[in-house]
Amino acid sequence: MAKQTEELAWRVGGPQGSGVDTAAGIFQRACAIGGLHVFGRREYYSNIKGRHSYYDVRVAHHPLTTHRESVDLLTTFEPESLTRHAMAVVPGGAIIFNSKDANVAFSRLIYLENRIRADIEAYLDAKGLPKTTAGLLEDAKQRGVQVYSVPYDEITKELGKRLGVPKAIADRTLNTLAVAISAALLEFPKEYVIKGIEKTWPGRQKIIDMNIQAVELAYEYVRENLDTEHFQFRMDVEAEHPPRLLLNGNQAVALGKMAGGMTFQSYYPISPATDESFFLEANNTFPLRNGQQGNVVVVQTEDEISAIGMALGAALAGARAATATSGPGFALMTEMFSWAGANETPVVITIYQRGGPSTGMPTRTDQGDLLFAIRGGQGDFPRIVMASGSLEEAFYDAAQAFNYAERYQVPVVHLVDKAMSSYTQTVDVFDLSKVKIDRGALYKPGPDAEQSTKPYPRFQFTETGISPRPFLGQPGGTHWYTGVEHTVEGRVNEDPVIREMMMEKRCNKIQLAKKEIPTEEKFQVYGDPNASFTILTWGSNKGAILEAIERLKNDGIPARLLQVRILWPFPGEELIPYLETAKPSVLVEANYTGQMAQLLRQETTYDVDHLVVKYSGRPFSGESLYEVFKNIAAGKADQRIVVRNPME
Amino acid sequence: MAVGAKPKISPKVYKPDYPIDWCPGCGDYGIISALQQALARMGVPRHQVAVFGGIGCSGKAQYYMNTYGIHTLHGRPVPFATGARLANPELYTIVVSGDGDSLGIGAGHFVAAGRRNVNLTYIMFNNEVYGLTKGQAAPTLPLGMRTKAMAAPNMQGAVNGLMLALATGYTWIGRGYAYDIRGLADLMVQAIQHPGLAFLDVIQPCPTYNDIHTKEWYAGKDIGRPRLYSLQEEGYDPVIPEGASQEVMNQKMLQFLQKAAEWDDRIPIGVFWDNHNISTFEDRIAERTPGYFENPPGRQPIADEDGTTLVDLTPVFEKLLMA
């Protein structure tokens with residue numbers, strides 16, 4: 001009898017539109033309700049139906065910060081997923097496949113890329129195995145992987161009979177069956193799978209009932225037909241645990257914006273940002289602690305130009321306003337981004353980075369927009385660029401972004417990426433008492449404001465460079481905003497002295513921000529703070545690195561991680577003491593040129609010893625970085641290291 | 001609110017104490033005077049007015065209003081104005097935008113604005129040329145026409161802004177003439193009071209660059225009678241009755257199109273379309289967002305005295321809580 005395992009990497013694959021997400025959702029909810037920690041990552045094409053997608057769900061009795069590329073239990077119901085992922089399953093793990101896929105020629109898989117097919121065929125050739133799914137299953141067996149042939153058609157036929165519905169209706173439970181067969185193999189308590197189903201379709205009793213029947217049948221089927229003796233994984237629930245949120249990055253950002261008092265978001269649909277606005281719109285009203293009803297207005301605009309334009313208009317009228325987009329959308333926004341800088345107007349732009357250049361890879365991850373965010377827009381003007389490294393950070397940062405924007409009256413870019421947008425994770429319930437609101441310097445109308453006939457000096461020169469800001473509609477506050485160089489009242493002015501003073505007023509605010517923002521908000525140190533093995537990173541790579549350095553520690557190699565959270569103004573001076581003692585220094589980022597490495601050189605003059613990049617459009621995992629760091633520690637690594645996995 | 005011909009407050013309160021740098025004789029002077037008179041007749045406190053301009057000569061208009069004035073980017077006053085109005089639905093939100101601003105670089109926003117019907121007053125300065133860049137053809141200059149600033153006759157046709165406004169859903173559509181300040185102010189009062197998106201096409205000579213459609217041309221010096229005439233004086237009824245049948249709508253659209261197509265010898269001004277039967281975007285938001293008008297985005301309290309967020313996300317967390 002197999003022992004309980006500490007963690008499990010489960011993968012489900014299938015054509016888009018076939019319910020892969022639903023299956024992963026049920027499995028994640030079942031595990032999360034059972035008190036397990038969950039980390040999910042989703043890979044998919046820019047396609048609605050037919051192309052291959054897959055979902056990795058890693059579950060454990062300890063907190064997780066990253067996914068795994070290796071798989072303990074693979075669930076498939078069609079031959080393409082079986083073909084793509086069979087080789088990723090570890091010895092002692094298992095593959096569940098549809099009986100009718102036992103011997104399928106790769107030529108039948110129309111969406112399987114020629115390169116992947118050729119690689120798999122070469123692999124099988126080298127082993128003298130047939131170049132079909134049968135060959136892959138044989139290879140799996142030889143590697144000690146259990147293969148379970150499941151006749152899904154017969155099971156749904158039987159289910160249809162039991163429920164008194166046609167087979168075509170019973171076929172809709174295929175995702176649930178796949179989850180339940182996995183769960184049964186793991187001897188995971190059935191009642192939690194049922195809870196996962198109830199949470200997936202709340203209030204839709206008919207669907208729930210049908211799916212519960214499918215669960216019963218799946219457990220029955222496994223008990224009666226499958227030999228689980230050599231399958232080495234078993235997962236049980238946690239007896240006691242706090243209830244946690246299960247959410248993805250889009251939702252974490254949306255919740256952070258709501259918590260941070262954002263009341264207006266305008267957006268143009270773009271992958272992978274759209275789900276954030278969808279979530280906001282679906283949850284657009286909420287209570288306020290003063291007993292009133294709060295709300296957020298969400299507007300879908302005609303383009304990204306309008307998306308930032310409306311947000312700016314709303315910001316001028318007093319709203320905390322934002323937009324969410326990706327690189328191509330930000331490209332359209334840059335003229336107004338510069339307007340925001342010129343007019344000292346607080347606005348937050350969440351950029352979900354995806355593969356570039358141009359349209360690039362809309363549904364794959366990348367960190368190629370860092371320098372664009374820092375440099376985008378015509379002319380010199382201050383902006384703050386921040387990046388989150390986890391879903392918790394994404395929540396608190398999304399709220400904090402408005403404080404920076406309003407305190408310094410600058411546009412703020414909050415960088416996340418596709419990987420984080422679709423990572424799902426169990427997190428502790430966010431603590432709203434920690435969410436502070438700082439609206440910065442605001443104009444307050446005096447008692448005689450209505451009688452005022454003079455324009456208000458909105459851009460008046462002050463010691464800090466920050467001038468109190470009236471909202472459109474406030475008495476006594478009338479003035480002008482303009483993208484043209486202007487006087488304190490916002491009148492067009494090209495006087496060289498006024499010009500110099502205005503440039504200084506605006507640009508000095510970035511020095512103020514640099515001075516005022518506490519170091520711990522600029523970057524965080526993880527691992528062993530005294531270690532010389534120094535890893536630097538920004539954004540969503542953090543979780544993978546944390547796991548990798550934990551494993552290094554177990555190998556007796558202490559390492560520390562410097563995660564830069566505010567990329568502009570860049571905390572160069574504060575980083576220098578760490579760079580001085582770094583041996584080696586390793587920078588990890590998911591882009592081609594090493595954009596943070598360039599920034600680091602510019603701001604500190606330091607070059608890193610090793611630049612670790614990945615630009616396949618897939619995120620780093622803890623296990624892949626662990627291998628990289630081990631090689632670096634052994635002195636066996638090049639200066640530039642490209643992390644690759646041809647089968648992701 | 002009944003608005004008389006007499007100002008409730010002096011139009012002077014809307015005049016800031018700065019020099020104006022439009023060319024002498026520019027139609028823009030008439031437009032800005034009419035706007036000041038319209039607001040004065042309505043008695044709108046100047047801080048409740050926000051004027052959004054684009055780029056070009058029209059984009060200077062907001063500087064000549066002693067209200068909130070927002071000089072946005074080329075073609076972009078509509079997005080800014082929309083955001084501001086939705087954040088503060090009590091704001092008198094006025095867009096001043098040129099023909100190139102509206103129907104060239106900003107045409108996408110022009111179209112989208114019609115679909116939304118936000119309560120904005122959209123005043124289009126229509127002189128058929130790009131003045132500030134020295135006289136190139138604007139999207140309203142007819143095909144084949146060559147003004148003195150152009151190297152060759154116009155190779156592109158003109159957009160009919162009135163028809164585009166109808167096609168995209170503007171609920172009030174009118175046209176005025178920049179040198180008819182009194183008539184223009186009347187139209188502006190109606191446009192501002194209209195509950196929804198109002199489009200006012202203001203035709204105006206450009207004495208510097210448009211040497212074809214000049215003041216004299218509009219006055220019909222060449223044909224012995226004025227080219228401009230009032231739709232309303234001829235009995236044109238722009239009002240779309242509540243619950244109008246398809247037949248009535250067809251008839252209304254037909255008369256609209258006939259009048260909107262008139263040009264050259266007879267050019268109609270007045271109200272072309274007045275439809276109160278389409279909900280405003282603000283109403284649509286309120287329907288989906290209870291509490292919107294009480295707590296619009298620009299005025300919603302978001303923090304307590306300690307600076308802690310007032311937002312309570314418990315009901316949202318509930319949906320994501322795994323218990």
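Cut-off values and rules
Numbers given to residues run from 1 along each chain, matching the order in which its sequence is written. Here the convention is simple: chains get letters from A, ligands get numbers from 1, in the order in which they are written. Totals for whole chains, interfaces and linings use every residue, but because this is a predicted model, local features are given only for residues with pLDDT of at least 70 and side-chain atom pairs only at 80 or more, for both listing and counting. Numbering of helices and strands starts at the N terminus; helices are DSSP runs of H or I of at least 4 residues and strands are runs of E of at least 2. The globule rule is 2.2 Å times the number of residues to the power 0.38, and the radius of gyration it is compared with is taken over C-alpha atoms. Throughout, a residue-residue contact means that the two C-beta atoms, derived from backbone geometry, are no farther apart than 7 Å. Here a residue counts as buried when 20 or more other C-beta atoms sit within 10 Å of its C-beta, as exposed when there are 12 or fewer, and as partly exposed otherwise, the C-beta atoms being derived from the backbone. Working convention: axes come from line fits to C-alpha atoms, limited for helices to the stretch in contact. Angles between N-to-C directions cover 0 to 180 degrees. Every angle not falling under 35 degrees, over 145, or within 65 to 115 is termed oblique; those three ranges are roughly parallel, roughly antiparallel and roughly perpendicular. Crossing handedness is read from the near helix: turned anticlockwise from the far helix by less than a right angle, it gives a left-handed crossing, and turned clockwise, a right-handed one. Marked domain ranges trace back to an automatic or database domain assignment. Put simply, Ala, Val, Leu, Ile, Met, Phe, Trp, Tyr, Cys and Pro go in the nonpolar bin, Asp, Glu, Lys and Arg in the charged bin, and everything else, Gly too, in the polar bin. Any two strands are treated as partners once DSSP identifies two or more bridges connecting them. The handedness rule is simple: strands pointing away from the viewer, and a clockwise path from the first strand over the helix to the second, make the crossover right-handed. Each nonpolar core consists of buried Ala, Val, Leu, Ile, Met, Phe, Trp, Tyr and Cys residues. Their C-beta atoms, within 7 Å, join them into a set. pLDDT expresses how confident the predictor is about each individual residue, on a scale running from 0 to 100.

Participant: Residue-level account of the overall build of chain B, with values.
Facilitator: Each helix and strand in chain B was counted, giving 10 helices and 12 strands. A compact globule built from 323 residues would reach a C-alpha radius of gyration of about 20 Å, and chain B, at 21 Å, matches this within 12%. Counted over contacts in chain B with a minimum sequence separation of 6, partners at least 24 positions apart contribute 70%.

Participant: Account for the overall build of chain A, naming residues and giving values.
Facilitator: In terms of regular secondary structure, chain A is built from 22 helices and 24 strands. Taken against the 2.2 N^0.38 rule, which gives 26 Å for 648 residues, the C-alpha radius of gyration of chain A at 27 Å falls within 12% of a compact globule. The burial tally for chain A puts 57% of its 648 residues in the buried class. Contacts in chain A between residues far apart in sequence, at least 24 positions, make up 76% of those at least 6 positions apart.

Participant: Which residues make up the packing of helix α1 (residues 28-42) of chain B against helix α6 (residues 181-193) of chain B, and what values go with them?
Facilitator: All names here are of chain B. Viewed as axis vectors pointing N to C, α1 and α6 meet at an angle of 55 degrees, and their least axial separation amounts to 8 Å. Considering their axes alone, α1 and α6 lie oblique with respect to each other. For the crossing formed where α1 meets α6, the hand is right-handed. From α1, Gly30, Ile31, Ser33, Ala34, Leu35, Gln37, Ala38, Arg41 and Met42 reach across to α6, where they touch Ile181, Leu184, Ala185, Met188, Val189 and Ile192.

Participant: Go over unusual backbone geometry with me, naming the residues and quoting the values.
Facilitator: Here the amide bond leading from A:Trp568 into A:Pro569 is cis, since omega sits at 0 degrees, within 30 degrees of zero. Following the sequence through the fold, A:Pro569 ends up in the loop between β21 (566-568) and α20 (572-580). Following A:Lys583, the chain continues to A:Pro584 via a peptide bond in cis, the omega torsion being -5 degrees. Structurally, A:Pro584 is set in the loop between α20 and β22 (585-589). Phi angles above zero are rare outside glycine, and B:Asn117 is one such case at about 60 degrees. If you trace the backbone, B:Asn117 turns up in the loop between α4 (107-116) and β4 (121-126). Residue classification places B:Asn117 among the buried positions, given that 24 C-beta atoms sit within 10 Å. Look at B:Lys134: it is not a glycine, yet its phi comes out positive at around 80 degrees. With respect to the helices, strands and loops of the structure, B:Lys134 is situated in the loop between β5 (129-130) and β6 (136-137).

Participant: Provide a residue-level description of the domain arrangement of chain A, including the pertinent values.
Facilitator: All names here are of chain A. Each domain of chain A was delimited in the assignment, giving domain 1 (7-225), domain 2 (246-434), domain 3 (449-516) and domain 4 (519-642). Its C-alpha centre places domain 2 at a distance of 25 Å from the equivalent point of domain 3. Taken together, the residues of the side of domain 2 that touches domain 3 sort by class into 9 nonpolar, 3 polar and 2 charged.

Participant: If you had to explain helix α21 (residues 595-604) of chain A to someone new, which residues and values would you point to?
Facilitator: Residue and element names in this part refer to chain A. Those residues of α21 that fall on the buried side of the exposure criterion are Gln595, Met596, Ala597 and Leu600. Summarising the contacts, the buried residues of α21 are in contact with α14 (370-375), β20 (559-564), β22 and β23 (610-613). Just downstream of α21 lies Thr605, where phi reads positive at about 70 degrees.

Participant: Help me get a handle on the sheet that holds strand β13 (residues 347-353) of chain A, residues and values and all.
Facilitator: An order of β11-β8-β12-β13-β15-β14-β21 (chain A) is seen for the 7 strands of this open sheet, with the pairing classed as mixed. The open sheet has two edge strands, β11 (297-300) and β21 of chain A, and neither has a second partner. The average angle at which neighbouring strand axes cross in this sheet is 20 degrees, direction not considered. In terms of strand pairing, strand β8 (residues 262-267) of chain A meets strand β12 (residues 320-325) of chain A through 3 bridges, oriented parallel. Bridged to A:Met262 within β12(A) is A:Arg320. Contacts from helix α2 (residues 77-87) of chain B reach β8, β11 and β12 of chain A within the one sheet, and its direction differs from that of β8(A) by about 150 degrees.

Participant: Could you give me a rundown of the environment of B:Arg76, with the residues and numbers involved?
Facilitator: Tracing the sequence through the fold places B:Arg76 in the loop between β2 (68-71) and α2. Taking the C-alpha atoms as reference points, B:Arg76 and B:Ile55, separated by 21 residues in sequence, lie 8.5 Å from one another.

Participant: Run through the interface of chain A and chain B, naming residues and quoting values.
Facilitator: Taken together, the 77 residues of chain A in the interface contact 60 residues of chain B. Element by element, the count of residues in the side of chain A that touches chain B is highest for helix α12 (residues 304-316) of chain A, at 9 residues. Taken together, the 3 bridges between strand β17 (residues 480-482) of chain A and β2(B) define a ladder with parallel strand orientation. If you follow A:Tyr481 over to β2(B), its bridge partner there is B:Ile70.

Participant: Any details on the sheet that holds β20(A)? Residues and values, ideally.
Facilitator: All names here are of chain A. With mixed pairing, the 6 strands of this open sheet are ordered in space as β18-β20-β19-β22-β23-β24. Of all the strands in the sheet, just β18 (523-527) and β24 (640-642) have a single pairing partner and so form its edges. With strand direction ignored, the average angle separating the axes of adjacent strands in the sheet is 20 degrees. Here 3 bridges tie β23 to β24, and the two strands are oriented parallel to one another. Residue pairing across strands places Val613 opposite Val642, the latter belonging to β24. With respect to the sheet, helix α19 (residues 542-554) is in contact with β18, β19 (533-537), β20 and β22, its orientation differing from that of β20 by roughly 170 degrees.

Participant: Let's hear about the packing of α12(A) against helix α13 (residues 327-342) of chain A: which residues, and what values?
Facilitator: Residue and element names in this part refer to chain A. In the contact formed by α12 and α13, the axes pass within 7 Å of each other and the chain directions differ by 30 degrees. Considering the angle they form, α12 stands roughly parallel to α13. In this structure, α12 crosses over α13, and the sense of that crossing is right-handed. On α13, the residues that touch Glu304, Ile305, Ile308, Gly309 and Leu312 of α12 are Gly329, Leu332, Met333, Met336, Phe337, Trp339 and Ala340.

Participant: Give me the pairing of strand β11 (residues 267-275) of chain B: which residues, what numbers.
Facilitator: The side chains of a regular strand alternate between both faces of the sheet. Residue and element names in this part refer to chain B. Burial of β11 is extensive: 7 of the 9 residues sit out of reach of the surface. Here strand β7 (residues 172-177) pairs with β11 via 4 bridges, running antiparallel. Bridging from a neighbouring strand, Gly174 pairs with Val271 of β11. Across 3 bridges, the pairing between strand β9 (residues 228-230) and β11 is parallel. Among the inter-strand pairings, Ser230 is bridged to a residue of β11, identified as Ile269. Across 2 bridges, strand β10 (residues 239-240) lies against β11 in parallel orientation. Bridged to Ile240 within β11 is Asn275. With respect to chirality, the unit in which β10 leads through helix α8 (residues 246-261) into the neighbouring parallel β11 is right-handed.

Participant: Tell me what's going on with the environment of B:Ala185, and back it up with residues and numbers.
Facilitator: Residue and element names in this part refer to chain B. With respect to the helices and strands, the residue Ala185 is situated in helix α6. The exposure class assigned to Ala185 is buried, which follows from the 25 C-beta atoms found within 10 Å. For the pair Ala185 and Ile32, spaced 153 residues apart in sequence, the C-alpha to C-alpha distance is 9.5 Å. With near-sequence residues (within four places) excluded, Ala185 lies in contact with Ala34, Gln37, Ala38 and Arg41.

Participant: Please give an account of the nonpolar core that cites residues and values.
Facilitator: Ranked by internal contacts, the top residues of the largest apolar core, which has 270 residues, are A:Ala311, A:Ala314, A:Val347 and B:Met188. In terms of residue count, the dominant contributor to this core is helix α15 (residues 391-408) of chain A (10 residues). B:Val129, B:Tyr130, B:Ala137 and B:Ala138 belong to the second-largest nonpolar core, a separate cluster that totals 7 residues.

Participant: Talk me through the confidence of the model for chain B; I want residue IDs and the actual numbers.
Facilitator: Looking at chain B, pLDDT values average 97 and 99% of them are 70 or higher. Predicted complex metrics record ipTM = 0.98 and pTM = 0.98.

Participant: Break down the pairing of β22(A) for me, citing the residues and quoting the values.
Facilitator: All names here are of chain A. In terms of burial, β22 is a largely internal element, 5 of the 5 residues being buried. Both faces of β22 are covered, namely the face carrying Ser585, Leu587 and Glu589 and the face carrying Val586 and Val588. By the bridge criterion, 4 bridges tie β19 to β22 in an arrangement that is parallel. By the bridge assignment for β22, Ile535 is matched with Val586. Where β22 meets β23, 4 bridges bridge the pair, whose relative direction is parallel. If you follow Glu589 over to β23, its bridge partner there is Val613. With α21 bridging β22 and its parallel neighbour β23, the resulting β-α-β unit is right-handed.

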